[in-house]
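Analysis of the macromolecular model
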Amino acid sequence: FVETHSSEEVVHGMRSYFTRMEEAIRGNDGLILQYVGDEIETVFGVPLWCENHAEKAVRTAIAMRRELAALNKERERDGLTPFRHGIGIHTGQVIAGNTGSENRPSYALIGDTVNLASRIQSLTKTFACDILASEETVKQLNGSFQLEKEPEQTVKGYSKPITVYRVTDHTEDK
């Protein structure tokens, strides 16, 4: 997209995408930590704990899917290239707090959980899907989501294979 479009088109397109995604994230009590290029780093249950953080994360991903579909309808109507995204969800412990330098602190999450979420997001390309959740996340869901288990995968930085689930739908959304 960046290679074939003007800077103005890229910035306008990303801003419209980020705005729609932010609405879905905030609507489910998510906290956006940062935008990195075309990525959004989001957390649920930190800094304020909530018992159903994994479910909120998956509900948010489904809401983001719907928002992207609506945005793409508008883009296609206007003759613009539709966007696609990949969402990786992982649940686990993190170190959360102000990091960075003494002169420029930044609230951040650190740890294997963050790294593995990024690897899971990358697997959306492997499985040609938009939402993948780790087995750790799926274990905390209440069962109302439609999921498809994918074959175990070995990912960079991890010696053991991981299990992920494709999030296909939510039974309440039908």
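Residues numbered from 1 in each chain as written. Predicted model: local features only at pLDDT ≥ 70, side-chain atom pairs only at ≥ 80, totals over all residues. Heavy atoms only, no water.

Attention shifts here to the environment of P47. Relative to the assigned elements, P47 resides in the loop between β2 (39–43) and α2 (53–77). When the C-alpha positions of P47 and V10 are compared, they lie 32 Å apart, and in sequence the two are 37 residues distant. (Helix = DSSP H or I, 4+ residues; strand = E, 2+ residues; numbered from the N terminus.)

Attention now moves to the layout of surface pockets. Of the volumes computed, that of the largest pocket is approximately 1400 Å³. Taken together, 49 residues form the lining of the largest pocket, with I40, E41, G86, G88 and Q121 sitting closest to its centre. Of all the secondary-structure elements, those providing two or more residues to the lining of the largest pocket are α1 (7–26), β1 (31–36), β2, α2, β3 (87–89) and α3 (112–126). The greatest single-element share of the lining of the largest pocket, amounting to 7 residues, is contributed by α3. Tallied by class, the residues present in the lining of the largest pocket amount to 26 nonpolar, 18 polar and 5 charged. Within this model, the second largest pocket holds a volume of roughly 170 Å³. Around the second largest pocket, the lining is made up of 13 residues, and of these L116, E136, K160, P161 and I162 lie nearest the centre. Per-class residue counts for the lining of the second largest pocket are 6 nonpolar, 4 polar and 3 charged. (1 Å grid on protein atoms, 1.4 Å probe; cavity = no way out; pocket = protein on both sides within 12 Å on 5 of 7 lines; lining within 4 Å. Points joined across faces, edges and corners; volume = space filled by probe spheres on them. Nonpolar A, V, L, I, M, F, W, Y, C, P; charged D, E, K, R; others polar.)

A word on unusual backbone geometry. The omega angle of the peptide bond from V46 to P47 is 0°, so this bond is cis rather than trans. Phi is positive for D29, which is not a glycine, with a value near 65°. Residue D29 is classed as exposed on the basis of its relative accessible area, which comes to 53%. The backbone of A128 sits at a positive phi, close to 50°, despite the residue not being glycine. Structurally, A128 is set in the loop between α3 and β6 (131–134). (Buried < 20%, exposed > 50% of the residue type's maximum accessible area, 1.4 Å probe, protein only.)

Our next topic: the pairing of strand β5 (residues 105–110). The pairing of strand β4 (residues 95–100) with β5 spans 6 bridges and is classified as antiparallel. Counterpart to I95 in the pairing with β5 is I110. Between the antiparallel neighbours β4 and β5 lie 4 residues. (Pairing = 2+ DSSP bridges.)

Attention shifts here to the environment of S122. Inspection of the secondary structure puts S122 in helix α3. Classification of S122 as partly exposed rests on a relative accessible area of 37%. In the structure, S122 is positioned 34 residues away from G88 in sequence and 7.5 Å away in space, judged by C-alpha atoms.

Okay, the packing of aromatic side chains next. If you walk through the whole model with that rule in mind, you get 4 aromatic pairs. On the basis of an interplanar angle of 80° and a centroid distance of 5.1 Å, the ring pair of F1 and F83 is categorised as edge-to-face. Residue F1 is located in the segment before α1, and its partner F83 is located in the loop between α2 and β3; the two are separated by 82 residues in the primary sequence. The class of F1 is partly exposed, set by a relative accessible area of 30%. By relative accessible area, F83 is classed as buried at 13%. Ring geometry for Y17 and F83: centres 6.1 Å apart, planes at 85°, overall edge-to-face. Of this pair, Y17 sits in helix α1 while F83 sits in the loop between α2 and β3, and the two are 66 residues apart along the sequence. Grouping residues by exposure puts Y17 and F83 together as buried. (Phe/Tyr/Trp six-rings, centres within 6.5 Å; stacked < 30°, edge-to-face > 60°.)

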